[in-house]
Amino acid sequence: MNPFRLPILLLVLLPGLVAAAAPSVVCHTTYGGETHAHRVRSVASPYGVGSEPIGSHFLFRVVFEGQPRELAAVKIYTYADLDHGPTLIHQSTHPLPLANRGAYGFTGLQRVYEPRRDSELEYWCEVAQGGRK
């Protein structure tokens, strides 16, 4: 093999290998007896991260910002999906580095109540490394 090809090959493959090993977050939501897992990867900007509908009453949004280091955090937003538009009813911030602390990851088990329809959403989030929990 050409001695110059190996360093070039490493430069091409290294970013993909680092990205594959980068941590991700998995949030588990339970509403109306249904549980779903939401995998979240680090983003460069929070502005492109949308929310996911949970049932017909909630919107769930998780923003994982890895950089800049002094602002690195996972931010979790829950909105009530009301007739006049989404209304923020719960927000939490978890600075990096994250560490799972027991059965319910780094957030603990959280319960969010929708004020008008008396609905409840449960969630908890954990760190997943390299594509595995």
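Here is a short report on the structure shown in this document.

### So, the side chain of H57
Then step 1. Looking at the element boundaries, H57 is found in the loop between β3 (52–54) and β4 (58–65).
Then step 2. H57 sits in the buried class, given a relative accessible area of 16%.
Then step 3. With sequence-adjacent residues up to four places away left out, H57 is seen in contact with Y31, Y79, A80, D81, E114, R117 and S119.

### With respect to the nonpolar core
Then step 1. Formed by 17 residues in total, the largest nonpolar core has its most connected members in V25, F60, V62, V74, I76 and C125.
Then step 2. Where this core is concerned, the elements lending two or more residues are β1 (24–31), β4, β5 (73–82) and β8 (119–128).
Then step 3. For F60, the residues in contact, after removing those within four places along its chain, are C27, T29, S51, E52, I54, I76, Y77, T78, L121 and Y123.
Then step 4. L59, V63, Y77 and Y79 belong to the second largest nonpolar core, which has five residues in total.

### Some words on the sheet that holds strand β7 (residues 110–114)
What holds strands together in a sheet is hydrogen bonding between their backbones, with the strands either parallel or antiparallel.
Then step 1. One open sheet accounts for four strands, arranged β2-β1-β8-β7; its pairing is antiparallel. Strand pairing shows two members of the sheet lacking a second neighbour, β2 (34–40) and β7, which therefore form its edges. Going across the sheet, the axis of each strand differs from the next one's by a mean of 25°, ignoring polarity.
Then step 2. Examined bridge by bridge, β1 and β2 share seven bridges and lie antiparallel to one another. Of the residues in β2, the one forming a bridge with V26 is R39.

Rules of the game
- Residues numbered from 1 in each chain as written.
- Predicted model: local features only at pLDDT ≥ 70, side-chain atom pairs only at ≥ 80, totals over all residues.
- Heavy atoms only, no water.
- Helix = DSSP H or I, 4+ residues; strand = E, 2+ residues; numbered from the N terminus.
- Buried < 20%, exposed > 50% of the residue type's maximum accessible area, 1.4 Å probe, protein only.
- Contact = heavy atoms within 4.5 Å.
- Core = buried A, V, L, I, M, F, W, Y, C linked by side-chain atoms within 4.5 Å.
- Pairing = 2+ DSSP bridges.
- Axes fitted to C-alpha atoms, helices over the stretch in contact; angles between N-to-C directions.

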